[in-house]
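Examination of the molecular architecture
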Amino acid sequence: MDEFTPEELEQARILFARPATFVMGCAKIEQLPDPDLPEIAFAGRSNVGKSSLINGLVGMHKLARASNEPGRTREVNFFDLDGKMRLVDLPGYGWAKASKSTVKKFQDLGRDYLRGRVTLKRVYLLIDARHGLKKVDDEALDALDLAAVSYQIVLTKADKLKKGEAEKVQAATLKAIAKRPAAYPAVIVTSAEKGDGLPELRAEIMRTTGVTL
């Protein structure tokens, strides 16, 4: 994983402690806000803990709303961080309850966003540390490679693993993405519940977007 100086970690802590607000949810590509701020997006299987991670990053409990029914995030949701960047929550994937036409509709929306967003700096693809990369994740990895969007894998729910297991999953994940053209060669291990890895992820985001205080 990338090394960050104490100053970088502190600057990132200050940035993410600033006001974060929900901007809008977009069901159509025409509804997207103007591309006038750097953006980073979060993608992942339904139930991987996207909402918890976003809330953990900004220190708020209900900025991004988790649903009890997997696959309810059917829009591209935008959050503003102190007018300096946007955090973008992409529709989840890998659930079976929605109809195929509905699934295709918002997966296409996510792909359209990835392909055409000039201000998108990186996608953070969330993977449950208990399960690692699965076949269902391959389609997302392929789509990101095809869109030529820089993406980085973030392992979630690491607190659910026994000691030492997270490092094994991290190493296996790095090996699995080694030959993927758009994959950033570092995997961040996190726990939204315990706060593990969040300081490093904040610093990574700040470095990637080039945002300064």
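Residues numbered from 1 in each chain as written. Predicted model: local features only at pLDDT ≥ 70, side-chain atom pairs only at ≥ 80, totals over all residues. Heavy atoms only, no water.

1. Remarks on the packing of helix α1 (residues 6–16) against helix α6 (residues 198–209)
When two helices pack together, you describe them by how their axes are tilted relative to each other and by the distance separating the axes. One can describe the packing of α1 onto α6 by two numbers: an axis separation of 8 Å at closest approach and a directional angle of 85°. Between α1 and α6, the crossing angle belongs to the class labelled roughly perpendicular. Residues E8, L9, Q11, A12, L15 and F16 of α1 form the contact with α6, whose own contacting residues are P199, E200, R202, A203, I205, M206 and R207. When grouped by side-chain class, the residues that make up the contact of α1 with α6 number eight nonpolar, one polar and four charged. (Axes fitted to C-alpha atoms, helices over the stretch in contact; angles between N-to-C directions. Helix = DSSP H or I, 4+ residues; strand = E, 2+ residues; numbered from the N terminus. Parallel < 35°, antiparallel > 145°, perpendicular 65-115°, else oblique. Contact = heavy atoms within 4.5 Å. Nonpolar A, V, L, I, M, F, W, Y, C, P; charged D, E, K, R; others polar.)

2. Some details on the nonpolar core
Grouped together as the largest cluster of nonpolar side chains are 34 residues, with contacts concentrated most on L90, Y113, L114, V123, L125, I153 and L155. The set of elements that each furnish at least two residues to this core consists of β2 (39–44), β3 (76–81), α3 (100–116), β5 (120–128), α4 (135–147), β6 (151–156) and α5 (165–177). If we ignore the near neighbours within four places in the chain, the residues touching Y113 are I29, L32, E39, A41, F78, V88, L90 and L120. Formed by 28 residues, the second largest nonpolar core is a distinct cluster that contains L81, M85, L198 and L201. (Core = buried A, V, L, I, M, F, W, Y, C linked by side-chain atoms within 4.5 Å. Buried < 20%, exposed > 50% of the residue type's maximum accessible area, 1.4 Å probe, protein only.)

3. Some points on α6
Here α6 is twelve residues long and its end C-alpha atoms lie 16 Å apart, about the 16 Å a rise of 1.5 Å per residue gives. Counting buried residues along α6, nine of its twelve residues qualify, which places the element largely inside the surrounding structure. Among the residues of α6, L198, L201, R202, A203, E204, I205, M206, T208 and T209 are the ones counted as buried. Directly after α6, the chain includes G210, whose backbone phi takes a positive value near 75°. (Expected span 1.5 Å × (residues − 1).)

4. Looking at the environment of A172
Mapped onto the elements, A172 comes out in helix α5. A relative accessible area of 46% means that A172 is categorised as partly exposed. For the pair A172 and L133, spaced 39 residues apart in sequence, the C-alpha to C-alpha distance is 8.9 Å.

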